[in-house]
Every structure is written in C-alpha cells, then in structure tokens.
Amino acid sequence: MSVKPRVLAVIPARAGSKRLSGKNTKLFMGKPLIAWAIEAAINSDVFVDVLVSTDDTKAAGIAADFGALFLGLRPKALATDTATSVDVVIDAVDMYERHKGPVDGVMLLQPTSVFRRVETIQRAMELFNPERQLVSVCLAKTHPEWCYRLSNDTLEPILNKDWTGNRSQDLEASYQLNGAIYLTPVDMLKNSRSFMSRTVQPLVVDDPAEAVDIDTLWDWTLAEYIYRFQYGSSELNENARPS
C-alpha cells in the first residue's frame, strides 16, 4: 500500500498591497478574501495542514477563525514588495517543519484566486509526483503570435516573426499560468528556488472564472460581477459557491 504524501498548503497574506490596499482581509461577498482560499484548502481534505503566512495580525485572526494554522508572524524582510513567493513559502515550510515535522510537498494557494475549486486542488494532488513540480494553466487570453512591442513609432513582433494573418482558430493553442495552484516537492523548491522546472507538469483548468486573479480594483469588481452572475446573488450563499 502506498503511503499518502504529506503535503502542506501555504496561503500567503501580506498586509501591504500597492494596487489594492488590504485586499487579503477585505470582504469579498461577505467573507475575507483569504477565507475563500482557507475553506477550499480545508474542504479538499488532502493536506496535513493549511498554514497562513502573514505579517498582519488581522489576517492571523481570520486564519484562526476559519480553521487555518498560524505559527507566528512572517519576518519583516519577507513582507516587502521585493520578497518573492519562493522565499515566503520556504520560510513557511521551515517554520512548519520545526513545529510539526517534515513534509513531502507544498502547495501555494494565493488568496487572489478566489474562484479556485476544491476539485481543482484535488486533481492537482492526484498528480503529485515527488520528483516533479506542477502548475495550473489556462488558455492564454492573447496568443503570443499576436503580441508586439513598441519600437519607436511602429510595432515589432515579440516572437520575432513576420506579421501574421492567421485566424485565431488556425493558431496552435497557447497556455498561461493562472496563478491558482503551484505544487512542488519541498526538496525541489529548496534546491531550485523556483516553482517552475523545465519538466513542470501543467494542470489545465478550463473554467475561465478560476483564472481570475484579483490584483487591482478592476479585478475585484470583475470578480464580484462573476460571482453574482454565476451564483445569482449579491449576498453570500453557503449553498452556491466555488467548491
């Protein structure tokens, strides 16, 4: 019988945010933004623990209220605009392992992917490989062959190709990271200091709502509209939400 891997979920919730102040603790459809990530992680029932990494006492309180683990405030050096997600997650794993013992893998669940589904988390965990990283992707909104840079007063193709007259349906499908899931063996993360190896496994997510990443007020407004459209109410409905 195979042994179930010990995978830790890490939800980062820094206090500061240049583009949308206090977004991680801001109420989205009646609940703090980080609560959506916490509940999806807990309800997936695939993690040894769900850990919130934060420098914000308010976020720490929310984490406790919604059943997540909090082991202490994040170091100030990891709460700046220049701190990377890799450094934050490695710090969280190290702190967890000092208190709770070693883990095989870690899944980064950013609070800004508010429509991430329980089933998507479970699909990712079914693919967990101790020698391979995994990221969630969706179809690219704009095909790279249609992307250009400004060169003086003209356009220059990003891919250094000639102007293309191809129809969108004739182009090879292209994918982009959607930010919802990053799953990695702990050793690979610490050795490479990256969530993206050359052999990274893609988890294709078809639901366009799951690709919504709240970073600005525009993103927030769009997410509220999507919620109302999909679930039919401006009020939080416990029986009609991403699962």
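Above this text you will find the structure in question.
Sequence order as written defines residue numbering, which begins from 1 separately in each chain. The model is predicted, so local features are restricted to residues of pLDDT at least 70 and side-chain atom pairs to those at 80 or more, both for listing and for counting; the totals for chains, interfaces and linings are taken over all residues. Computation of side-chain values: all heavy atoms of the structure, hydrogens and water removed.

Caption draft 1: Layout of the pairing of strand β4 (residues 49-53). For β4, the buried fraction is high: 4 of the 5 residues fall into the buried class. Note on pairing: DSSP must find at least two bridges between two strands before they are called paired. Elements are defined by DSSP. Helices are runs of H or I of four residues or more, strands are runs of E of two residues or more, and each kind is numbered from the N terminus. For strand β1 (residues 7-12) and β4, the ladder comprises 5 bridges, and the chain directions are parallel. Opposite L8, over in β4, you have D49 as the bridge partner. We call a residue buried when its accessible area falls under 20% of the maximum for its residue type, exposed when it is over 50%, and partly exposed in between, using a 1.4 Å probe and counting protein chains only.

Caption draft 2: Geometry of the nonpolar core. Put simply, a nonpolar core is a bunch of buried Ala, Val, Leu, Ile, Met, Phe, Trp, Tyr and Cys residues held in one set by side-chain atoms that sit within 4.5 Å of each other. Core analysis: the largest hydrophobic core is formed by 29 residues, its most contacted members being F47, M107, L109, I121, I181 and L183. Elements with a contribution of two residues or more to this core: β1, α1 (33-44), β4, α2 (57-65), α4 (118-126) and β9 (175-185). Per-element tally for this core: the top contributor is α1, with 5 residues. Not counting chain neighbours up to four residues away, the residues in contact with I121 comprise A40, A41, S44, V46, F47, M107, L109, R116 and I181. Listed in part, the 20 residues of the second largest apolar core include L8, V10, V93 and V135. The contact criterion used throughout is that any non-hydrogen atoms of two residues lie within 4.5 Å.

Caption draft 3: Main features of the packing of aromatic side chains. Each aromatic pair joins two rings of Phe, Tyr and Trp (for Trp, the six-membered one) with centres within 6.5 Å, and gets the label stacked for planes under 30 degrees apart, edge-to-face for over 60, and tilted for any other angle. Here the structure, examined in full by the defined rule, presents 7 aromatic pairs. Considering the side-chain rings of F28 and Y227, the 6.2 Å spacing of their centres and the 90° angle between planes classify their relative orientation as edge-to-face. With F28 in strand β2 (residues 27-28) and Y227 in helix α6 (residues 217-231), this pair connects stretches of sequence that are 199 residues apart. Using a relative accessible area of 0% as the deciding quantity, one classes F28 as buried. With relative accessibility at 0%, the residue Y227 sits in the buried group.

Caption draft 4: Main features of the sheet that holds β4. Spatially, 6 strands are ordered β4-β1-β5-β9-β6-β10 in an open sheet, and the strand pairing comes out mixed. Each edge of the open sheet carries a strand with a single partner, namely β4 and β10 (201-204). Averaged over neighbouring strand pairs, the angle between their axes works out to 30° when direction is ignored. Pairing between strand β6 (residues 134-139) and β9: 5 bridges, direction antiparallel. Within β9, the position partnered with V137 by the bridge is L177. Packed on one face of the sheet, helix α3 (residues 85-100) meets β1, β4 and β5 (105-108) and runs near 125° to β4. Interaxial angle, 0 to 180 degrees, is taken between N-to-C directions of lines fitted to C-alpha atoms, where a helix line uses only the stretch in contact. Here α4 sits on the sheet and contacts β1, β5, β6, β9 and β10; the angle it forms with β9, its principal contact strand, is near 55°.

Caption draft 5: Up close: the side chain of N178. Position of N178 relative to the elements: it lies in strand β9. Among the residues examined, N178 registers a relative accessible area of 4% and is labelled buried. A polar side-chain atom of N178 sits 2.5 Å from a polar atom in the side chain of S136. One polar contact links the side chain of N178 to the main-chain amide nitrogen of A180, over a distance of 3.0 Å. Beyond its immediate stretch of four places on either side in the chain, N178 contacts S113, S136, V137, C138, V205, E210 and A211. Under the rule applied, a polar contact is a pair of N or O atoms within 3.5 Å (in protein, one hydrogen donor and one hydrogen acceptor; residues adjacent in sequence only if both atoms are side-chain atoms).

Caption draft 6: Quick look at the packing of α1 against α4. Put simply, α1 and α4 touch, their axes get as near as 9 Å, and they point 55° apart. If you check the angle between α1 and α4, you find them oblique. In this structure, α1 meets α4 at a crossing whose hand is right-handed. Within the contact between the two elements, α1 uses A40, A41, N43 and S44 and α4 uses V118, I121 and Q122. Put simply, Ala, Val, Leu, Ile, Met, Phe, Trp, Tyr, Cys and Pro go in the nonpolar bin, Asp, Glu, Lys and Arg in the charged bin, and everything else, Gly too, in the polar bin. Residue composition of the contact of α1 with α4, grouped by class: 4 nonpolar, 3 polar and no charged. Put simply, angles under 35 degrees are roughly parallel, angles over 145 are roughly antiparallel, angles from 65 to 115 are roughly perpendicular, and the rest are oblique. Throughout, a crossing is termed right-handed when the near helix is turned clockwise from the far one, and left-handed when it is turned anticlockwise from it by less than a right angle.

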